[in-house]
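Listed below, chain by chain, are the residues.
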Amino acid sequence: MAFDMIPPDAAYDFLDENGWHDALIEPVAGDASFRRYFRVRDGERVAILMDAPPPHEDPRPYISIARWLGERGFRAPTIHAEDLSHGLVLIEDFGDARMRETVDAEPAREDALYAQAIDLLVALRAHPAAAVDPYDRATCQREAGLMTEWYCPAIGLDVDLAGYEAAWDAVLEGVDSVRDVMVLRDYHAENIMLLDDGAIGLLDFQDALAGHPAYDLVSLLQDARRDVPEGVETAMLDRYRTATGEGDAFTAAYHVLGAQRNAKIIGIFTRLWRRDGKPRYPTLCPRVWGYLERDLAHPALGRVKAWFDANIPADMRGDPMAIAAK
């Protein structure tokens, strides 16, 4: 999948109809989906134009969840205008201060910023989930299956597919039945904006589901795009548990969902390389394997760990593009 970052033709009429006459449109980014983002400038006014072209993308979940979050006091971008037929949405511009670059440039702020991100998740769990789909067993299995669907074939491994599904079925027992929290699903340092008033701004929540509160902790603390020190992970998990009164069962669920998410991500990153021609993503897989192996060490993952030990040798766990080239 390749992006040209040229605004769609419909963007100019859309902006004109919504009072942004003669506004300048500057490319900001494309992402791993078909969505693209542009910064719109009109004098002192600035906004972000989301291009979510149908039929590949549907901006309605983003709009609905942004409003749900805003109504509950969380900082999701305000929706200024929308054109669903063309997949165009004009939203509030949160600026360029992402948590990722801030922490990398100012390591002394790492603990405080992660603590602030944890506290937002504590606040989020106080609200019953919106009317979104459940993060159920079938969804967990389908996502974990991306590992065997994409990663294993890419490196030439023929694995026990039935055993893989059975192992996940065993460890997901009980975890997947908790569906009472709004799970943002991609809550990590590159989707957290640091706003001028000190608040956290939220991005990339359109795929939210109703699920287990541990999932977003995994997204944050086992970040596929940056190394989160194990000490920070432990301290922040403790912070969350102290604030919520959660016990050892929660920690076990955290590692089960961590293993599930990391298996999914390795599969997705391999797919982005093999199917979509994006060779940057497999280079992130060694980090994700590190998190996955950390999760597999928890006793709750015994069945899944046994499957990995029997099917994917240690020297076949890493960058699939590099392994396939050997």
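Structural data are supplied above this passage.
Counting from 1, residues in each chain are numbered in the order their sequence is written. Local features in this predicted model are restricted to residues whose pLDDT is 70 or higher, and side-chain atom pairs enter the listing and the counts only when it is 80 or higher, whereas totals over whole chains, interfaces and linings include all residues. Each side-chain value is derived from all of the structure's non-hydrogen atoms; neither hydrogens nor water enter the calculation.

Colleague: Describe in detail the overall build of the protein, supporting the description with residues and values.
Modeller: Secondary structure is summarised from DSSP: a helix means a run of H or I of at least four residues, a strand means a run of E of at least two, and numbering begins at the N terminus for each. Scanning the protein from N- to C-terminus turns up 13 helices and nine strands. The reference for a compact globule is 2.2 Å times residues^0.38; the radius of gyration itself is calculated from the C-alpha atoms. Expected size for 326 residues packed as a compact globule is a radius of gyration near 20 Å; at 20 Å, the protein falls within 12% of this value. Its C-alpha atoms give the protein principal-axis dimensions of roughly 60 × 45 × 40 Å. If you sum the accessible surface of the protein, you get close to 14,200 Å²; carbon and sulfur atoms cover 50% of it. Counted as positive: Lys and Arg. Counted as negative: Asp and Glu, with His and the chain ends omitted from the count. Charged groups are reduced to one reference atom each: NZ for lysine, CZ for arginine, CG for aspartic acid, CD for glutamic acid. Charge-centre separation for the protein: the mean point of 34 positive side chains lies 3 Å from the mean point of 56 negative side chains. Residue exposure ignores everything except the shown protein chains as possible cover, and the areas themselves are Shrake-Rupley values with a 1.4 Å probe.

Colleague: So what's going on with the packing of aromatic side chains? Residues and values would help.
Modeller: Any Phe, Tyr or Trp ring, taking Trp's six-membered ring, that has another such ring centre within 6.5 Å forms a pair; planes under 30 degrees apart are called stacked, those over 60 apart edge-to-face, and the others tilted. Inspection of every chain in the model, using the stated rule, returns ten aromatic pairs. Relative to Y215, the ring of Y135 lies with its centre 5.0 Å away and its plane at 50°, an arrangement referred to as tilted. Linking Y135 in the loop between α4 (110-124) and α5 (137-144) with Y215 in helix α8 (residues 214-221), this pair joins segments that are 80 residues apart in sequence. Comparing Y135 with Y215, the two get one shared label, buried. Seen in terms of ring centroids, W307 and F308 are 5.2 Å apart; in terms of plane orientation they differ by 85°. Their pairing is edge-to-face. Across the pair, exposure class does not vary: W307 and F308 are buried alike. Put simply, the rings of Y151, Y164, W168, W289, W307 and F308 pair up and form one aromatic cluster. Placement of a positive charge over a ring is assigned whenever Lys NZ or Arg CZ falls within 6 Å of the ring centre and within 35 degrees of the normal to the ring plane. Taking the ring centre of Y135 as reference, the NZ or CZ of R185 above it sits at 4.9 Å. For R274, the ring lying beneath its charged end belongs to W273, and the centroid distance is 5.3 Å. The buried label goes to any residue with under 20% of its type's maximum accessible area, the exposed label to any with over 50%, and the partly exposed label to all in between, with areas taken from a 1.4 Å probe on protein chains only.

Colleague: Can you explain helix α12 (residues 302-311)? Please cite residues and give values.
Modeller: Each full turn of the α-helix corresponds to 3.6 residues, which orients residues three or four apart in the same direction. Those residues of α12 lying buried are V304, W307, F308 and N311. Projected down its long axis, α12 carries its buried residues within an arc of 95°, all on one side. Contacts from the buried residues of α12 go to α6 (146-154), α7 (161-172) and α11 (285-296). By construction, the arc corresponds to the directions joining the helix axis to the C-beta atoms. A contact between two residues is defined here by any heavy atoms of the two lying within 4.5 Å.

Colleague: Please provide a residue-by-residue account of the nonpolar core, values included.
Modeller: In plain words, nonpolar cores are sets of buried Ala, Val, Leu, Ile, Met, Phe, Trp, Tyr and Cys residues tied together by side-chain atoms within 4.5 Å. Residues L69, M147, W168, Y187 and F308 are the most contacted members of the largest nonpolar core, which totals 90 residues. If you tally residues by element for this core, the top one is helix α10 (residues 248-274), at eleven residues. If we skip the residues at most four places from it in the chain, L69 touches F74, A76, L124, L184, L202 and F205.

Colleague: Quick one: what's the story with the packing of α7 against α10, residue by residue and with numbers?
Modeller: Two elements in contact, α7 and α10, have axes separated by 10 Å at closest approach and are oriented at 145°. The crossing of α7 and α10 is left-handed. Judged by residue contacts, Y164, W168, V171 and L172 of α7 engage V256, A259, Q260 and A263 from α10. Classes in brief: Ala, Val, Leu, Ile, Met, Phe, Trp, Tyr, Cys and Pro nonpolar; Asp, Glu, Lys and Arg charged; the others, Gly included, polar. Classifying every residue of the contact of α7 with α10 by side-chain character gives seven nonpolar, one polar and no charged. Helix axes are fitted to C-alpha atoms over the stretch in contact, other axes to C-alpha atoms as well, and angles between N-to-C directions run from 0 to 180 degrees. For a crossing to be left-handed, the near helix must be turned anticlockwise from the far one by less than a right angle; the clockwise case is right-handed.

Colleague: So, a negative patch on the surface: which residues are in play, and what are the values?
Modeller: Think of a patch as exposed residues, more than 30% relative accessible area, with no salt bridge, where like charges cluster within 9 Å and nonpolar side chains (Val, Leu, Ile, Met, Phe, Trp, Tyr) cluster within 5 Å. When a carboxyl oxygen of Asp or Glu is within 4 Å of a side-chain nitrogen of Lys or Arg, the pair counts as a salt bridge. Residues D13, D16, E17 and D22 make up a contiguous surface patch of negative charge. Along the chain, the position of D13 falls in helix α1 (residues 10-17).

Colleague: Could you give an account of the side chain of D51, naming the residues involved and the relevant values?
Modeller: Here D51 is to be found in strand β3 (residues 45-51). Judged by its relative accessible area of 4%, D51 falls in the buried class. Setting aside residues no more than four positions away along its own chain, D51 makes contact with P8, F34, R35, R36, F38, H86, G87 and L88.

Colleague: Could you give an account of the environment of T244, with specific residues and numbers?
Modeller: Tracing the sequence through the fold places T244 in helix α9 (residues 230-244). For T244, a relative accessible area of 22% translates into the label partly exposed. Measuring from C-alpha to C-alpha, the distance between T244 and V218 comes to 16 Å, with 26 residues separating the pair along the chain. Ignoring anything within four residues of it in the chain, the contact list for T244 reads V122 and R125.

Colleague: Tell me what's going on with the environment of T102, and back it up with residues and numbers.
Modeller: Examined against the element boundaries, T102 turns out to sit in helix α3 (residues 99-105). As a C-alpha pair, T102 and D276 span 174 residues in sequence and 30 Å in three-dimensional space. Residues contacting T102, with those up to four places away along its chain left out, are A97, R109, L113 and L194.

Colleague: Describe the pattern of salt bridges, with residues and values.
Modeller: The final tally for this structure, using the stated rule, is 33 salt bridges. Between E110 and R226 there is a salt bridge, with the nearest N and O atoms lying 3.2 Å from each other. Here E110, found in helix α4, pairs with R226, found in the loop between α8 and α9; they are 116 residues apart in sequence, far enough to count as distant. For E110, a relative accessible area of 12% puts it in the buried group. Its salt-bridge partner being K264, residue E143 comes within 3.7 Å of it at the nearest N-O pair. Linking E143 in helix α5 with K264 in helix α10, this pair joins segments that are 121 residues apart in sequence. Each of the salt bridges in this network shares a partner with another, and the network as a whole consists of R98, R100, E101, D104, E110, E190, R225 and R226.

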